[in-house]
Protein chains: 4
Amino acid sequence: MTEGHELVISTDPAHPANLIPELCRAFYNLGWVTGTGGGICIRQGDKVFIAPSGVQKERILPDHIFVLPYPQPPPSPHTDRIFLRRPTVPLKESACTPLFWNAFTLRDAGSCIHTHSQHAVMATLLFGDATSTKTEKIGEFRISHQEMIKGVRLGGTGKALSYLDTLVVPIIDNTPNEEDLKDSMAEAMEKYPDAAGILVRRHGVYVWGPDWEKAKTQAECLDYLFEIGVKMKLAGLPTVLQA
Amino acid sequence: MTEGHELVISTDPAHPANLIPELCRAFYNLGWVTGTGGGICIRQGDKVFIAPSGVQKERILPDHIFVLPYPQPPPSPHTDRIFLRRPTVPLKESACTPLFWNAFTLRDAGSCIHTHSQHAVMATLLFGDATSTKTEKIGEFRISHQEMIKGVRLGGTGKALSYLDTLVVPIIDNTPNEEDLKDSMAEAMEKYPDAAGILVRRHGVYVWGPDWEKAKTQAECLDYLFEIGVKMKLAGLPTVLQA
Amino acid sequence: MTEGHELVISTDPAHPANLIPELCRAFYNLGWVTGTGGGICIRQGDKVFIAPSGVQKERILPDHIFVLPYPQPPPSPHTDRIFLRRPTVPLKESACTPLFWNAFTLRDAGSCIHTHSQHAVMATLLFGDATSTKTEKIGEFRISHQEMIKGVRLGGTGKALSYLDTLVVPIIDNTPNEEDLKDSMAEAMEKYPDAAGILVRRHGVYVWGPDWEKAKTQAECLDYLFEIGVKMKLAGLPTVLQA
Amino acid sequence: MTEGHELVISTDPAHPANLIPELCRAFYNLGWVTGTGGGICIRQGDKVFIAPSGVQKERILPDHIFVLPYPQPPPSPHTDRIFLRRPTVPLKESACTPLFWNAFTLRDAGSCIHTHSQHAVMATLLFGDATSTKTEKIGEFRISHQEMIKGVRLGGTGKALSYLDTLVVPIIDNTPNEEDLKDSMAEAMEKYPDAAGILVRRHGVYVWGPDWEKAKTQAECLDYLFEIGVKMKLAGLPTVLQA
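This one's a predicted model, so the numbers in the text were calculated from it and none came from an experiment. (Residues numbered from 1 in each chain as written. Chains lettered and ligands numbered in written order. Predicted model: local features only at pLDDT ≥ 70, side-chain atom pairs only at ≥ 80, totals over all residues. Heavy atoms only, no water.)

Visitor: Account for the overall build of chain A, naming residues and giving values.
Guide: Within chain A, the secondary structure is distributed over five helices and eight strands. The order of α-helices and β-strands along chain A, N terminus first, is α-β-β-β-α-β-α-β-β-α-β-β-α. Taking 243 residues into account, the globule formula puts the C-alpha radius of gyration at 18 Å, and chain A, at 18 Å, falls close to it. For chain A, the spread of C-alpha atoms along the principal axes amounts to about 60 × 40 × 30 Å. The buried share of chain A, reckoned over its 243 residues, is 60%. (Helix = DSSP H or I, 4+ residues; strand = E, 2+ residues; numbered from the N terminus. Rg over C-alpha atoms; globule rule 2.2 N^0.38 Å. Buried < 20%, exposed > 50% of the residue type's maximum accessible area, 1.4 Å probe, protein only.)

Here's what the structure looks like:
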């Protein structure tokens with residue numbers, strides 16, 4: 001298969017190459033992906049669709065989407081990542097690609113969303129350690145007794161949580177290079193198999209789901225919970241109650 | 001009447017099957033129905049139009065709307081709810097259906113709106129008991145001397161409140177299953193016949209009106225009052241004054 | 001002239017009957033006119049265009065606009081207000097009409113805007129007296145040394161303020177009936193001839209200008225100043241400095 | 001070349017005369033340019049495109065854009081600024097013109113953005129001196145260990161900052177006339193060659209980049225950092241950590 005000719009740009013608005021630009025515009029309006037940050041990828045069967053890196057996310061065009069085969073061996077110092085299609089304009093794939101891959105390989109996700117939402121970042125500061133950049137162990141955002149918890153799935157792809165469940169989202173330290181989060185994110189995903197997302201201190205959050213619809217609605221539920229958790233903390237209210 | 005053929009989808013934008021998707025998009029932009037939460041139903045004469053459960057509310061299509069006859073006997077362990085039309089795609093009717101029905105039977109409402117607005121949830125925490133999940137008696141959100149009180153109707157369907165009235169919205173405990181709120185919501189509606197809505201602790205609010213326009217404007221007025229009530233509480237200002 | 005035939009609805013988007021609906025939609029998105037509150041009127045020469053009362057402001061249609069001749073004698077117990085055109089659907093003119101008229105007669109304004117912005121209401125509480133509903137004298141919102149002060153005009157229709165001017169907006173008590181604000185608003189406008197707007201405690205603000213463009217930009221500047229003034233107060237910062 | 005005939009209005013949406021109105025509408029929706037404040041200019045090769053002063057920025061039309069040759073000698077008491085095209089309607093060029101020129105001459109910028117964002121203004125108050133209008137030395141907004149720092153470029157046009165860099169944005173005093181900021185802005189740009197923007201106390205911020213896309217994304221990153229820096233300050237969290 002000749003790279004670069006795989007994806008005939010579809011006119012179907014439900015095609016991932018059309019959905020990703022539309023969703024990025026929506027996420028921009030939520031304040032999740034301003035300043036070129038954040039993004040979304042979609043995996044459909046044996047193909048992964050990924051947005052480019054370092055561009056205005058609200059102005060991505062379908063032609064800018066990268067298509068990769070799935071599965072594929074992890075890239076190494078000696079081998080590059082394999083692409084089915086690259087944009088015809090010079091762009092680099094999202095720096096989140098190895099992190100998105102964690103969601104595919106460790107949770108069999110069909111979509112993964114990364115946001116720089118300030119609710120997520122404030123949650124990492126108020127629920128984590130806000131006075132250090134390196135922490136000995138993984139931090140935790142914890143909240144209970146909120147209806148929106150019911151919109152989150154066990155491990156991101158399993159059955160929905162109940163109102164009686166306490167939501168726990170691990171918080172890992174940030175790294176200077178986004179791709180270096182791969183191992184600590186994977187470690188946190190393995191240590192917290194029920195977690196539906198991973199918070200990155202002073203950076204944002206990664207959320208995934210079986211498909212883009214469920215990834216998006218879980219990202220909305222988690223963001224809502226980060227927001228109200230931060231409000232509760234600042235108002236001096238406990239975020240976790242005994243059942 | 002053969003179920004499934006009742007509703008010929010209308011091209012009239014004022015038809016409930018077209019209005020509900022439009023209103024859900026508007027409510028999504030207000031942050032009321034993110035993460036599949038919340039929704040709206042409309043009753044016109046002997047038909048009730050209800051959105052599906054667990055889907056992205058901002059992407060509902062007219063074809064996704066359920067149509068039910070009104071009145072009908074309450075469903076029991078032995079009888080199902082009766083439908084005039086179900087969507088052609090596999091969907092379940094809103095989990096709020098029994099709660100919407102409270103508004104129809106107890107207040108003769110023509111429309112009922114449920115939101116997960118954070119202003120409503122923060123109001124239940126700052127005006128209710130934020131350290132317990134089970135409370136002995138119904139809580140109360142109370143605010144006086146706000147112009148927006150005049151946009152709220154007595155009992156949700158009666159005459160408009162005056163600037164000199166104190167607005168009281170009961171706060172009931174949340175339950176793990178949304179349908180289990182039916183009885184405590186009904187009890188609060190009977191105990192507070194003048195209340196224009198019911199707050200659900202750590203969950204959101206139910207608001208109704210004689211028609212969708214009045215339900216919507218009352219939902220906006222109540223949300224405004226929850227928001228400013230929360231701001232006043234956090235600023236240390238009293239929300240109720242002597243007249 | 002036969003009432004009801006004066007206004008041929010124009011297709012010109014700059015015609016007041018088309019502008020008012022458009023501006024009301026914009027104000028709704030700013031949170032200024034939710035729940036049917038607030039509105040805008042435009043005077044062009046000898047005609048005043050006014051929106052209806054008690055309807056969803058974001059859904060007004062050109063046909064809903066009232067047209068009145070200007071000037072006209074004030075309505076009395078024995079005489080009604082004179083109209084050139086009423087909507088063909090049964091609607092009542094905005095309850096703000098006598099207050100808008102204050103801006104026309106006392107300031108020769110060409111447009112007047114009324115909002116229920118929470119920034120305005122919080123300003124009336126934090127800069128006024130938040131523990132009483134009746135105050136002996138007119139309150140004052142005061143702020144200095146903000147660039148946005150330069151967007152406000154002396155008396156609302158005169159020359160622009162300078163960065164070195166202290167902005168003062170009087171705060172009057174609210175009344176149960178909106179039209180009863182007419183006299184206290186007029187009194188405040190006469191006592192504060194330089195004021196570009198009148199705040200109404202626990203209600204909102206009235207702002208005017210020589211034309212709708214200037215009324216709108218001044219409403220934006222004042223709202224910005226109310227918002228940042230409230231933020232400064234809550235952060236413990238002084239809002240007025242010595243020059 | 002005859003002034004006024006240079007710019008044939010282009011139908012290309014990527015032409016600066018079409019981009020500036022579109023970007024101003026987007027900035028209005030972000031709250032950056034309400035009340036006629038703020039704006040953006042674009043330089044392409046030997047032409048500078050600038051919006052008019054004192055008009056609703058969200059309603060600018062392509063015909064309202066000024067075109068100036070670049071470079072040109074600074075205007076003096078005896079010489080005017082040179083224009084290639086003025087709007088056909090009577091308008092004045094943006095009062096920011098001399099400040100935009102600083103970005104062109106001192107940083108070789110291709111675009112400069114000025115906002116009145118409240119996040120920027122609150123940052124100048126909480127990180128600067130909020131009790132005086134004249135300060136002896138330039139203030140500083142400082143923040144470290146935030147992912148969004150990576151979206152900012154050294155000096156606004158150089159290489160991207162790293163997560164390990166501390167972002168420093170100088171804060172200069174405001175002046176009654178916007179054009180009088182020219183010298184103090186230039187002084188701050190020379191004293192802080194790595195700064196990607198200049199904050200103006202009680203006024204807003206100037207941000208620039210090699211082209212409009214990079215100026216815009218840096219403006220978004222800085223605004224995000226001002227916003228989260230203000231939130232951290234108000235929550236009592238340190239904004240700068242040891243590496």
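Visitor: Report on the sheet that holds strand β6 (residues 167–172) of chain C, specifying residues and quantitative values.
Guide: All names here are of chain C. Read across the sheet, eight strands follow the order β3-β2-β1-β4-β8-β7-β6-β5 without closing on themselves; strand pairing throughout is mixed. In this open sheet, the two edge strands, each paired with only one partner strand, are β3 (66–69) and β5 (139–143). Going across the sheet, the axis of each strand differs from the next one's by a mean of 20 degrees, ignoring polarity. Note that strand β2 (residues 47–50) and β3 share four bridges and pair antiparallel. When the sheet's bridge partners are listed, phenylalanine 49 is paired in β3 with valine 67. The strands that helix α5 (residues 212–234) touches are β1 (39–44), β4 (111–115), β5, β6, β7 (197–200) and β8 (204–209); relative to β8, the one it contacts most, it runs at about 145 degrees. (Pairing = 2+ DSSP bridges. Axes fitted to C-alpha atoms, helices over the stretch in contact; angles between N-to-C directions. Contact = heavy atoms within 4.5 Å.)

Visitor: Before we move on, can you summarise the side chain of Arg107(C) with the specific residues and values?
Guide: Residues and elements named next belong to chain C. With respect to the secondary-structure elements, arginine 107 resides in helix α2 (residues 97–107). There is no salt bridge for the buried arginine 107, and the closest opposite charge comes from aspartate 194, which lies 7.1 Å off by N-O distance. Side-chain polar atoms of arginine 107 contact the backbone oxygen of alanine 195, separated by 3.3 Å. Look past the residues within four positions of arginine 107 in its chain and what remains in contact with it is Asn102, Gly155, Thr157, Met189, Tyr192, Pro193, Ala195 and Trp208. (Lys, Arg positive; Asp, Glu negative; His and termini not counted. Salt bridge = Lys/Arg side-chain N within 4 Å of Asp/Glu carboxyl O. Polar contact = N/O pair within 3.5 Å; in protein donor to acceptor, adjacent residues only side chain to side chain.)

Visitor: Which residues make up the sheet that holds strand β7 (residues 197–200) of chain B, and what values go with them?
Guide: Residues and elements named next belong to chain B. Strands sit in the order β3-β2-β1-β4-β8-β7-β6-β5 across an open sheet of eight strands; the sheet is mixed. The open sheet is flanked by β3 (66–69) and β5 (139–143), the only strands paired with a single partner. Each adjacent strand pair in this sheet contributes to an overall mean axis angle of 20 degrees, direction not counted. With four bridges joining them, strand β1 (residues 39–44) and strand β4 (residues 111–115) adopt antiparallel strand pairing. Bridging from a neighbouring strand, isoleucine 42 pairs with serine 111 of β4.

Visitor: Explain a negative patch on the surface residue by residue, including any values.
Guide: Residues and elements named next belong to chain A. A surface patch of like charges, here negative, comprises Glu179, Asp180, Asp183, Glu187 and Glu190. You can see aspartate 183 is positioned in helix α4 (residues 181–191). The class of aspartate 183 is exposed, set by a relative accessible area of 61%. (Patch = residues over 30% accessible without salt bridge, like charges linked within 9 Å, V, L, I, M, F, W, Y side chains within 5 Å. Areas by Shrake-Rupley, 256 points an atom, 1.4 Å probe, with all protein chains shown as cover. Charge placed at Lys NZ, Arg CZ, Asp CG, Glu CD.)

Visitor: A description of the relation of the copies chain D and chain C should follow, citing residues and the corresponding values.
Guide: Mapping chain D onto chain C is achieved by rotating through 90 degrees and translating by 0.0 Å along the same axis, at an RMSD of 0.0 Å. The transformation relating the two chain copies, once decomposed into turn and shift, fits a four-fold axis. (Least-squares fit on C-alpha atoms with pLDDT ≥ 70 in both.)

Visitor: Any chance you could break down the interface of chain A and chain B for me, citing the residues and the numbers?
Guide: In this complex, chain A contributes 28 residues to the contact, which on the side of chain B involves 27 residues. Both faces considered, chain A and chain B share a buried interface measuring about 2,300 Å² in area, 57% of it formed by carbon and sulfur atoms. Taken as a group, Glu147(A), Tyr163(A) and Tyr224(A) account for 24% of the area that chain A buries against chain B, more than any other trio of residues on that side. Here chain A and chain B share two salt bridges between them. The interface formed by chain A and chain B includes 14 residue pairs in polar contact (both at pLDDT 80 or more). Put simply, the parts of the chain that give the side of chain A that touches chain B at least two residues each are α1 (16–29) and α5 (212–234) of chain A. When residues in the side of chain A that touches chain B are grouped by element, the largest group, 11 residues, is from α5(A). Each residue belonging to the side of chain A that touches chain B can be placed in one class, and the counts come to 15 nonpolar, five polar and eight charged. (Buried area = accessible area lost by both parts, 1.4 Å probe. Nonpolar A, V, L, I, M, F, W, Y, C, P; charged D, E, K, R; others polar.)

Visitor: Describe in detail the interface of chain D and chain C, supporting the description with residues and values.
Guide: With 27 residues of chain D at the contact, the number on the chain C side is 28 residues. Summed over both partners, the interface of chain D with chain C buries about 2,300 Å², with 57% contributed by carbon and sulfur atoms. For chain D, the biggest contributors to the area lost against chain C are Arg59(D), Gln118(D) and Arg202(D); these three give 28% of the whole. Linking chain D with chain C are two salt bridges, by the criterion used here. Across the pair Arg59(D) and Glu22(C) runs a salt bridge, and its minimum N-O distance is 2.9 Å. Run the count over chain D and chain C and you get 14 residue pairs in polar contact (both at pLDDT 80 or more).

Visitor: I'd like to hear about the confidence of the model for chain A, residue by residue, with values.
Guide: Confidence in the prediction of chain A, expressed as mean pLDDT, is 94, and 96% of residues score 70 or more. Predicted complex metrics record ipTM = 0.96 and pTM = 0.97. (pLDDT = per-residue confidence, 0-100.)

Visitor: Now, about the side chain of Asn174(D): what can you tell me, with residues and values included?
Guide: When you line up the elements, Asn174(D) lands in the loop between β6 (167–172) and α4 (181–191). Judged by its relative accessible area of 5%, Asn174(D) falls in the buried class. Only 2.9 Å separates the side chain of Asn174(D) from the side chain of Glu147(C), close enough to count as a polar contact. Within the structure, the side chain of Asn174(D) is placed 2.8 Å from the side chain of His203(D), a separation counted as a polar contact. In contact with Asn174(D), other than residues within four places in its own chain, are Glu147(C), Tyr163(C), Leu181(D), Val200(D), Arg201(D), Arg202(D) and His203(D).

Visitor: Outline the pattern of salt bridges, listing residues and values.
Guide: Working definition: two side chains of opposite charge can pair if their charged atoms are close together. Under the definition given, this model contains 41 salt bridges over all chains. Between Glu227(A) and Lys231(A) there is a salt bridge, with its nearest N and O atoms 3.4 Å apart. Separated by four residues within a single helix, Glu227(A) and Lys231(A) lie in helix α5, roughly one turn from each other. Here Lys231(A) falls in the partly exposed class, since its relative accessible area comes to 27%. Among the salt bridges present, the one from Arg142(C) reaches Glu140(C), with a minimum N-O distance of 2.6 Å. Since its relative accessible area comes to 36%, Arg142(C) is described here as partly exposed. Residue classification places Glu140(C) among the partly exposed positions, given a relative accessible area of 26%. When salt bridges that share partners are traced, they join Glu58(A), Lys216(D) and Glu220(D) into one network.

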